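Architecture and fold: a report
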Amino acid sequence: MLVYTHCLSIAGSDPSGGAGIQADIKVFSALGCYASAAITALTVQNTLGVKAAYNVKPDLVAAQIETVFEDRIPDAIKIGMTGDAAIVRAITGVLRQLDERPFIVIDPVMISSSNHQLLDDNGIEAIMTDLAPLCDIITPNIHEFYRLCSTQTKDSTAVLAQKLFANIADIPYLLVKGGHSEGLPTDILYSRDGNYNEIVGQWVVTNNTHGTGCALSSAIAANMAKLLPPQNRQPLSKQQTFVGKKSVSYTFNELVTACKNAKQYVSKALSCGAEVQNGQGNGAMNHLFQPEELRISNI
Ligand code: PLP
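Quick caveat, the model's predicted, so the values are computed rather than measured.

Analysis parameters
- Residues numbered from 1 in each chain as written.
- Predicted model: local features only at pLDDT ≥ 70, side-chain atom pairs only at ≥ 80, totals over all residues.
- Heavy atoms only, no water.
- Axes fitted to C-alpha atoms, helices over the stretch in contact; angles between N-to-C directions.
- Helix = DSSP H or I, 4+ residues; strand = E, 2+ residues; numbered from the N terminus.
- Parallel < 35°, antiparallel > 145°, perpendicular 65-115°, else oblique.
- Left-handed = near helix turned anticlockwise from the far one by under 90°.
- Contact = heavy atoms within 4.5 Å.
- Nonpolar A, V, L, I, M, F, W, Y, C, P; charged D, E, K, R; others polar.
- Salt bridge = Lys/Arg side-chain N within 4 Å of Asp/Glu carboxyl O.
- Buried < 20%, exposed > 50% of the residue type's maximum accessible area, 1.4 Å probe, protein only.
- Lys, Arg positive; Asp, Glu negative; His and termini not counted.
- Polar contact = N/O pair within 3.5 Å; in protein donor to acceptor, adjacent residues only side chain to side chain.

1. Section: the packing of helix 3 (residues 85-96) against helix 4 (residues 121-131)
Here helix 3 crosses helix 4 at 15 degrees, and the two axes come no closer than 8 Å. It follows that helix 3 is roughly parallel to helix 4 by the angle criterion. Crossing handedness for the pair helix 3 and helix 4: right-handed. Between helix 3, through Ala85, Val88, Arg89, Ile91, Thr92, Leu95 and Arg96, and helix 4, the contact on the second element is made entirely by Asn122, Gly123, Ala126, Ile127, Asp130 and Leu131. Of the residues that constitute the contact of helix 3 with helix 4, the class distribution is seven nonpolar, three polar and three charged.

The structure is reproduced here in structure tokens:
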């Protein structure tokens, strides 16, 4: 049977196309993966900022994901803006039904760079207690990282990483993004068992940085989907016994490579769109600077 390498984004809609679902679909497609999408929220925004955000009913979010899963289980999932605790729990409920979970990256989107709140405090708690424990990796920026560690202190990132692993059960990996670093933009990948790897990037001078975090997390999902052998997972069925076990296995070094390649993709997309003025504010990157053919595997 021939299948596409398939990535699902569970995230909010950005009508201006730079962030959220619209950006994720472009990133998956640029990296050769079939893109599917379940929408958690409708934002009202353009390159100048977010004017409003309306959350989708939790049952409807769950139904979108379930219906995709009843057909074919994707090879990787990216979770972005979740909106509120009820939506977080609805997503958790569906993921728990999977007998074998694929690779899942969660970008704990809390606030837009234009300062609009995209997730409330209860939602953050629900991510920590319910959803993130089912995921493989969480990718906070430095502000989100401090919030997840419940700290204002400037302890070393390594010490805080252990605090985050204590605060979030089971999640094996954490990527602290360095987009707010003072030196070179350096992301640090930590594992629960004490490994770490610094991924150093280059600054790109541009205003077109809207949706950079969305792009990085979806690029990690796409890279991992391509790296892992394609699986013929059983689609979701109502008759199934729900065990919710983890299925994917990969090494720390493989994840390092996926994160490095994702950062390189984002840097190139930023530099290839650096001079473009596709709006009056912080525009999008050039996601499709060199699209790959959709990957097809025989399983
Ligand atoms: N809108 C949506 C739907 C998002 O998911 C995000 C971030 O993930 C944003 C807006 C914020 O993007 P930025 O802060 O890069 O402008």
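From this point, the narrative continues.
2. Observations regarding the pattern of salt bridges
Tallied over the entire structure, the rule returns seven salt bridges. One salt bridge connects Arg72 with Asp75, and the closest N-O pair in it is separated by 3.4 Å. Both residues of the pair, Arg72 and Asp75, belong to the buried class. Note that Asp121 is salt-bridged to Arg147, the shortest N-O span being 3.7 Å. With Asp121 in helix 4 and Arg147 in helix 5 (residues 142-148), this residue pair connects regions lying 26 residues apart in the sequence. Given the relative accessible area of 26%, Arg147 is considered partly exposed.

3. Description of the environment of Thr186
Considering the arrangement of structural elements, one finds Thr186 in strand 10 (residues 186-191). Along the backbone, Thr186 and Val176 are 10 residues apart, and their C-alpha atoms lie at a distance of 8.7 Å.

4. Describing the side chain of Asp84
Inspection of the secondary structure assignment puts Asp84 in the loop between strand 5 (76-79) and helix 3. Here Asp84 occupies a buried position and makes no salt bridge, while the nearest side chain of opposite charge, Arg89, is found at 7.3 Å. Within the structure, the side chain of Asp84 is placed 3.2 Å from the side chain of Asn55, a separation counted as a polar contact. Not counting chain neighbours up to four residues away, the residues in contact with Asp84 comprise Asn55, Leu119, Asp120 and Gly123.

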